[in-house]
Amino acid sequence: MSELQQRLDKIHSETPEPLGYAEHGIKASIAVLEKLKTKCISYEFITKAEEINFFRNCKPQLASKLIYYNEIYTIISNKPIGSRKTIRNYYKTELDKLEIFFNENLEFYRYYRTGNQALDNKYFLRGKYDVRLTLDSFYFQADQRFSTSHDYKVAQILANDAIKVFLESETQNLECKTEAIQFSNGQPNQVWTGSKVALIELIYALHAEGVFNNGHSELKEVVNSFEAAFGVDLGQFNRVFLEIRARKSERTKFLNIIKEKLILRMDDADEI
């Protein structure tokens, strides 16, 4: 766990964007879990208590990291492009999914959270599953040498706690961003009335040129600044950029247009 946490801390320090650190977090978690699996399969637990402790307390700590980063990657990848209200509703839907999982597994939640150990011999020993104890279909597809009937469910509980914090934090950031775009008169000085795709194309071009803070600004910081300055919500700008890159022709459509308009204005000024 210490080894994995060191890797994750490094990832977060180098990759602040959720989509980026989630992708790297998945890879780091898989690598450590594979290492743990190899050791577990070749190891013989001395007592049942030792095996129970491993599958109740140890493995879920690492497995929860993989579940967490995979869910974050999915949440961010599927985040809609739209208004803050649309994104806020999307986050609420994701929070509701966590609540549904909680309600569907309420009995086991109580068992685990209260430290009950009465059924540990069935929950956390390999090959001791009981179909009457709310089994996930995942268990029957898992490697039985490295899984018990409920260790994955514990990992899911731990991951959900972290996912809930992430979603609440993103929602809070959304609210703060809404407040930030309001000026003393209640409105931005200038409102962007062009297309959002055009503005995103422009921002990427300026960021690529490194004109902000000597090229040290993160892309998201630049996007946030433009959103605040022009009273516009650019939503999932990363996905829009992928669509711009995929254009069959005129990948820099907006930049080409404004270049032509500027040249025309210069020509008109020369004639005066």
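Residues numbered from 1 in each chain as written. Predicted model: local features only at pLDDT ≥ 70, side-chain atom pairs only at ≥ 80, totals over all residues. Heavy atoms only, no water.

**Student:** I would appreciate a short explanation of the environment of isoleucine 52 in the present structure.
**Tutor:** Here isoleucine 52 lies in helix 3 (residues 48–77). A sequence separation of 69 residues divides isoleucine 52 from asparagine 121, and the C-alpha atoms of the two residues are 7.3 Å apart. Apart from the residues lying within four places of it in its own chain, the contact partners of isoleucine 52 are Asn57, Asp120, Asn121, Phe124 and Leu125. (Helix = DSSP H or I, 4+ residues; strand = E, 2+ residues; numbered from the N terminus. Contact = heavy atoms within 4.5 Å.)

**Student:** For this particular structure, what's the right way to read helix 2 (residues 18–41)?
**Tutor:** Within an α-helix, residues lying three or four positions from one another point in the same direction, as the helix has 3.6 residues per turn. For helix 2, spanning 24 residues, the distance from its first C-alpha to its last is 33 Å, which sits close to the expected 34 Å at 1.5 Å a residue. Residues of helix 2 that are buried include every one of Pro18, Gly20, Tyr21, Ala22, Gly25, Ile26, Ala28, Ser29, Val32, Leu33, Leu36 and Cys40, and no others. (Expected span 1.5 Å × (residues − 1). Buried < 20%, exposed > 50% of the residue type's maximum accessible area, 1.4 Å probe, protein only.)

**Student:** Would you mind going over the packing of helix 1 (residues 2–14) against helix 2 with me for this structure?
**Tutor:** Packed helices, taken two at a time, are described by the angle between their axes plus the distance between the axes. At a minimum axis separation of 10 Å, helix 1 and helix 2 run at an interaxial angle of 165 degrees. Between helix 1 and helix 2, the crossing angle belongs to the class labelled roughly antiparallel. Remark: the crossing between helix 1 and helix 2 carries right-handed chirality. Residues Glu3, Leu4, Arg7, Leu8, Ile11 and His12 of helix 1 form the contact with helix 2, whose own contacting residues are Tyr21, His24, Gly25, Ala28, Ser29, Ala31, Val32 and Lys35. (Axes fitted to C-alpha atoms, helices over the stretch in contact; angles between N-to-C directions. Parallel < 35°, antiparallel > 145°, perpendicular 65-115°, else oblique. Left-handed = near helix turned anticlockwise from the far one by under 90°.)

**Student:** So what exactly am I meant to see when it comes to the packing of aromatic side chains here?
**Tutor:** Geometrically, a pair of aromatic rings is defined through the distance of the ring centres and the angle of the planes. Under the counting rule described, the total for this entry stands at 20 aromatic pairs. A ring pair is formed by tryptophan 192 and phenylalanine 230, whose centres lie 6.1 Å apart and whose planes are at 50 degrees; its orientation type is tilted. Of this pair, tryptophan 192 sits in the loop between helix 8 (151–180) and helix 9 (196–209) while phenylalanine 230 is found in helix 10 (residues 219–230), placing the two residues 38 residues apart along the sequence. Ring-pair connections join several aromatic residues into one group, and the members of that group are Phe108, Tyr111, Tyr112, Tyr123 and Phe124. The ring of phenylalanine 146 carries lysine 59 above its face, with NZ or CZ at 4.2 Å from the centroid. (Phe/Tyr/Trp six-rings, centres within 6.5 Å; stacked < 30°, edge-to-face > 60°. Lys NZ or Arg CZ within 6 Å of the ring centre and 35° of its normal.)

**Student:** Help me out: how do you make sense of the pattern of salt bridges in this one?
**Tutor:** Pairing between side chains of opposite charge can happen when their charged atoms approach one another. In this structure the tally under the stated criterion is 14 salt bridges. Between glutamate 201 and arginine 247 there is a salt bridge whose closest N-O contact spans 3.1 Å. Residue glutamate 201 is located in helix 9, and its partner arginine 247 is located in the loop between helix 11 (237–245) and helix 12 (253–271); the two are separated by 46 residues in the primary sequence. (Salt bridge = Lys/Arg side-chain N within 4 Å of Asp/Glu carboxyl O.)

Nothing here speaks to function; it is all geometry.
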